[in-house]
Amino acid sequence: MSDPGGSSLNLMRFSYRLLLIGCVSACAPMLPEPQVNLPTPQPQPQAGAPVTTPPPAPQTPPLAAYDQQGFEGWKQGFLARKGGARRADYARELEGLTPDPTVIRLDRNQPEFSKPAGAYVQNAVTPVRIAQAKQRIDRVPWSVVQRFGVPSEILVGVWAQESAFGQVQGDYDVIRSLATLAYDGRRRDWAEGQLKDALDIVVDGRRERAGLKGSWAGAMGQTQFMPDNYLRLGVDQDGDGKVDIWRDDADALASAANLLAQAGWKRGQGWGYEVTLPSGFDYAEAEGPKHNWAYWAAKGVRLAQGGTPNGAEALEEATILLPQGANGPAFLALPNHYVIRRYNNSVSYALAIGLTADGIMGKPGLTKAWPNDPSMTRDQRIGAQRALTQLGYDTQGVDGVIGSNTRAALRRWQIANGRIADGYLTPALADELIRRTN
Ligand code: CA
């Protein structure tokens, strides 16, 4: 995952969502995702996020390893660059601050293994999680659903993924975390922008400093909003004059609904459907150009549970997704699937939200099982990208992140080699590609 493309609605969350089986995908963003315009946050190791699993934690370097003098130098530069008329206010909030070595360690943590989509989804969408979500469905104010047009089931699904319904929010001092990331410099511009927004939240009296808590990467509250999104999209649903996404469920849920509405949520439509593909389906069409339901139906695509999309959905341009290749479940992804990905640009994340919502509504589970593919090492991912590029199928970079560019390159290689062109990289296929170039 490379640096954030920085676009509007994203929560500027970073990639490498470290996936801990059994945990909630709460928390923190971190490394900006490459290949995507809307960087997604990377949750902390406790987060039950998409695709990756944390490597063994390295030793945290002693605080002394970080140069306080260097930090002070960065601070003066930041105040000069961003302080403006508020320089004295910012200086007061940053007084006596030290960098947090834990934040630097977590930010540099590169996940070693990446897990297949099914492992993430199955961990995130469990009967227990759905039961917990059902119990909380009434916590979504009806006025929020009416105003923003996002169903309560989707909002509760987001709530579950982001913070386990508010139970896992992170307890880091957001200003210290962001100052540390800015000082460390890997993503300085982004971190300084977020830090300025965090300081404004405090200076303007929107939130007291002691309450500005979040993940190590600065994602705050039940919605895990970065400071810019808090300022831009936060909603004071209960009308007490504060946007309290930490303790007030209604404020948090309304803010999440506002983010999705601003990202283009289409009222009256779902996120998508599990589908079955006919034998002879051209897998190269998956994740390719979008088409309406009539097109897909003519190709022999059927909803796995029978029936058809509703009238509005049928008119939408939709994609076929194969998150785990031709052997796994297939999905028709409607525009709202991509809206959910404005929250966190991960197919697995968006599927988890959608399938949680389906479960709350009592829809049956998937008809096709997720294949039990092994995790892939970073060496395998990088090796496969390097091999494809060397073989003439450019992956647009070798970063160990299997994104749409890598999948497109792999599809071209699969077509040229008479394979099923599902663009899905397994560890065995990665090994084969690596062998071919050795
Ligand atoms: Ca409020």
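Above: the structure in question.
Residues numbered from 1 in each chain as written. Predicted model: local features only at pLDDT ≥ 70, side-chain atom pairs only at ≥ 80, totals over all residues. Heavy atoms only, no water.

A. Geometry of the coordination of the calcium ion. The protein atoms that coordinate the calcium ion are Asp236 (OD), Asp238 (OD), Asp240 (OD), Lys242 (O), Asp251 (OD) and Asp251 (OD), at distances spanning 2.2 to 3.0 Å. Every donor counted, the six donor atoms about the calcium ion form angles of 46 to 163 degrees at the centre, which fits irregular coordination. Summarised as a motif, the one-chain spacing of the donors to the calcium ion is D-x1-D-x1-D-x1-K-x8-D. Here Asp251 lies in helix α11 (residues 249-262) and Asp240 lies in the loop between α10 (227-233) and α11, a separation of eleven residues in the sequence. (Donors = N, O, S within 2.8 Å, 3.2 Å for Na, K, Ca; no water. Tetrahedral: all angles 85-135°; square planar, octahedral: opposite > 155°, others 65-115°. Helix = DSSP H or I, 4+ residues; strand = E, 2+ residues; numbered from the N terminus.)

B. Molecular detail of helix α8 (residues 174-184). Within α8, ten of the eleven residues are buried, which leaves the element mostly enclosed by the surrounding structure. For α8, every residue scored as buried is listed here: Val174, Ile175, Ser177, Leu178, Ala179, Thr180, Leu181, Ala182, Tyr183 and Asp184. For α8, the capping residue at the N-terminal end is Asp173, with a side-chain oxygen 3.1 Å from the backbone nitrogen of Ile175. (Buried < 20%, exposed > 50% of the residue type's maximum accessible area, 1.4 Å probe, protein only. Polar contact = N/O pair within 3.5 Å; in protein donor to acceptor, adjacent residues only side chain to side chain.)

C. Structural context of the sheet that holds strand β5 (residues 272-276). Strand order in the open sheet formed by four strands is β6-β5-β8-β7, with antiparallel pairing between adjacent strands. The open sheet has two edge strands, β6 (302-303) and β7 (319-321), and neither has a second partner. As defined by bridge partners, β5 adjoins β6 across two bridges and the pair is classed as antiparallel. Opposite Thr276, over in β6, you have Arg302 as the bridge partner. (Pairing = 2+ DSSP bridges.)

D. Representation of the environment of Leu391 within the structure. Relative to the elements of secondary structure, Leu391 occurs in the loop between α16 (378-390) and α17 (404-416). For Leu391, a relative accessible area of 33% corresponds to the partly exposed category. Through-space distance from the C-alpha of Leu391 to that of Thr437 is 7.5 Å; in sequence the pair is 46 residues apart. Apart from residues lying up to four places away in sequence, Leu391 is in contact with Trp413, Leu433 and Thr437. (Contact = heavy atoms within 4.5 Å.)

E. Focus on the packing of helix α7 (residues 152-163) against helix α15 (residues 347-360). Contact geometry of α7 with α15 gives a least axis separation of 8 Å together with a crossing angle of 125 degrees. Compared by their axis directions, α7 and α15 come out oblique. Considering how the two elements wind past one another, α7 and α15 form a crossing that is right-handed. Taken together, the residues of α15 that come into contact with α7 (itself represented by Glu153, Ile154, Val156, Gly157, Val158, Gln161 and Glu162) are Tyr349, Ala352, Ile353, Thr356, Ala357 and Ile360. (Axes fitted to C-alpha atoms, helices over the stretch in contact; angles between N-to-C directions. Parallel < 35°, antiparallel > 145°, perpendicular 65-115°, else oblique. Left-handed = near helix turned anticlockwise from the far one by under 90°.)

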